[in-house]
Amino acid sequence: MPRLTAEKKREMIREIQNYFWEERGEEIGEIAAETCFEFIKDRLGPVFYNAAIRDAREIAEQRMQTLEEDLYALEKQL
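Described below are features of the structure shown in this document. Only a predicted model underlies this, so the values are computations on that prediction, with no experimental measurement involved.

Analysis parameters
Within every chain, residues take consecutive numbers counted from 1 along the sequence as written. Owing to the predicted nature of the model, reporting of local features is limited to residues with pLDDT of at least 70; listing and counting of side-chain atom pairs is limited to 80 or more, with chain, interface and lining totals taken over all residues. Computation of side-chain values: all heavy atoms of the structure, hydrogens and water removed. Helix and strand definitions here come from DSSP, where helices need a minimum of 4 consecutive H or I residues and strands a minimum of 2 consecutive E residues; each element is numbered from the N-terminal end. Here the expected length of a helix is defined as 1.5 Å per residue gap, with one fewer gap than residues. In this scheme, a residue with accessible area under 20% of its type's maximum is buried, one over 50% is exposed, and one in between is partly exposed, where area comes from a 1.4 Å probe on protein chains only. Think of the arc as the fan of directions from the helix axis to the C-beta atoms. A contact between two residues is defined here by any heavy atoms of the two lying within 4.5 Å.

Helix length check: helix α1 (residues 6-24), at 19 residues, gives a terminal C-alpha distance of 27 Å against a target of 27 Å (1.5 Å per residue), a fit within 8%. Taken as a whole, α1 has its buried residues at I13, I16 and F20. Along the long axis of α1, the arc covered by the buried residues comes to 50 degrees, so they all point the same way. Across α1 from its buried face, at more than 90 degrees, point the exposed residues W21, E22 and E23. Buried residues belonging to α1 abut α2 (30-74). Of the residues flanking the end of α1, it is G25, one or two places downstream, whose phi is positive at about 70 degrees.

Below, the discussion takes up the environment of E34. Turning to its location among the elements, E34 is positioned in helix α2. Between the C-alpha atom of E34 and that of L71, which follows or precedes it by 37 residues, the distance is 51 Å. For E34, the contacting residues outside a window of four places in its chain are K9 and I13.

If you trace the backbone, A32 turns up in helix α2. Separated by 20 residues in the primary sequence, A32 and M12 place their C-alpha atoms 13 Å from one another.

Dropping the structure here:
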């Protein structure tokens, strides 16, 4: 997983606090929001990360197939 700057982490923690306030009407403190952040990062983050890697792999495979087809098209007939 990519490393986050301290500022980006604080921003994400504030987003969690805002979510709880706007969606649930609950005010949670910074420690509770950070605990939630760590849970999402450690337990759920890898699921999204792996899905993104699979998507990137699929796109790369499609482009390689297209490149291979283009290279065959450039071959000269003997």
